[in-house]
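Given next are the chains, with one letter for each unit.
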Amino acid sequence: MNDATMNNALMSNVKTTTKADVMTESKISAKNVQVFYGEKHAIKDVNIEIRPRSVTAFIGPSGCGKSTFLRCINRMNDTIDICRVEGDIAIDGENVYDPKVDPVQLRAKVGMVFQKPNPFPKTIYENVAYGPRIHGLARKKSEMDEIVATSLQKAGLWNEVKDRLDAPGTGLSGGQQQRLCIARAVAVSPEVILMDEPCSALDPIATAKVEELIHELRENYTIVIVTHSMQQAARVSQRTAMFHLGELVEEDDTDKMFTNPNDQRTQDYIMGRFG
Ligand SMILES: Nc1ncnc2c1ncn2[C@@H]1O[C@H](COP(=O)(O)OP(=O)(O)O)[C@@H](O)[C@H]1O
Ligand SMILES: [Mg+2]
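Residues numbered from 1 in each chain as written. Chains lettered and ligands numbered in written order. Predicted model: local features only at pLDDT ≥ 70, side-chain atom pairs only at ≥ 80, totals over all residues. Heavy atoms only, no water.

Some points on the pattern of salt bridges
Short version of the rule: Within this document, salt bridges are pairs made up of a side-chain nitrogen of Lys or Arg and a carboxyl oxygen of Asp or Glu, the two lying within 4 Å of each other. Each residue gets one of three labels from its accessible area relative to the maximum for its type: buried under 20%, exposed over 50%, partly exposed in between, using a 1.4 Å probe on protein chains only. In DSSP terms, a helix is any run of H or I states spanning at least four residues, a strand is any run of E spanning at least two, and both are numbered starting from the N terminus.
Per the stated rule, a full pass over the model turns up 17 salt bridges. D98 serves as the salt-bridge partner of K100, at 3.6 Å between the closest nitrogen and oxygen. With relative accessibility at 72%, the residue K100 sits in the exposed group. D98 sits in the partly exposed class, given a relative accessible area of 24%. Between R265 and E247 there is a salt bridge; the shortest N-O distance is 3.8 Å. On the criterion of sequence distance, the pair formed by R265 in helix α12 (residues 264–270) and E247 in strand β10 (residues 247–253) is long-range, its members being 18 residues apart. Using a relative accessible area of 36% as the deciding quantity, one classes E247 as partly exposed.

Rendered as structure tokens:
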């Protein structure tokens, strides 16, 4: 192959990305989503496109539906008896509520990190190995060791725990436990990571570490984070969505949302007038 043909061959593999592509690219697409808890209408006709490999923050006063909407994305609301979800949520164009979707597989693809770190009462190693084991991701011990090590590295925890993988996960500090939970999510190679106020139980130093980690994870994962901290939303996210009384008020570039939002309710919330 001469240089010219090689170049052509290479070029034909390069996906040319125009600005319009970037603007419309969407990992998660929610259309006309409604959620009810019995009679209570908790999410009212929410439409949102969530971009791949970026961080989207959900903000809004307590009780406005942030967690409820987040849980729609990996069908965690299925576990709440009185909860009913309507509308469409698609990931890469595939409806997550399609009857042929297995919620267990879905939750591997769409990992979740909760407010309170919740490691299993098992060793650090087992906390990370559990998911890959039930999903059959390793054929032998050496492969599992590799998955555990790389997941802990990705979660920024490896150096702190590599000499005590057999110690209980619950013996770690709160911040370390939360990074262990992130390692556990990462271990099954998710595409999306949902985080529901992941730092609210952490001190400022542990919070800074998790925020730094979110920044790194963004290169490979689509992240949606619920936060009650406007500073945190501004620090970690590229896009911000504001919820109020079950409605999505607006969603825009984070810079724009915090400097010049379109909606008065966003303005009032970021100025600390309610919530
Ligand atoms: N399991 C549940 N059963 C009944 N109502 C619920 C449940 N979870 C949330 N809600 C209600 O749905 C609304 C939205 O709650 P939530 O999504 O937790 O808000 P946020 O995360 O923004 O604080 C609230 O009125 C709340 O009381
Ligand atoms: Mg919540």
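A closer look at the sheet that holds strand β7 (residues 192–196)
Counted only if it meets this: Any two strands between which DSSP finds at least two bridges are classified as paired. Every axis in this analysis is a line fitted to C-alpha atoms, fitted for helices over the stretch in contact. Angles between the N-to-C directions lie between 0 and 180 degrees.
If you trace the six strands from one edge of the open sheet to the other, you get β6-β7-β8-β3-β9-β10, paired in mixed fashion. The open sheet has two free edges, formed respectively by β6 (110–113) and β10, since each of these has just one partner strand. The sheet shows a mean angle of 20° between the axes of neighbouring strands, taken without regard to direction. Pairing between β7 and strand β8 (residues 222–226): five bridges, direction parallel. Residue pairing across strands places I193 opposite I223, the latter belonging to β8.

Coordinates in, geometry out; function isn't part of it.
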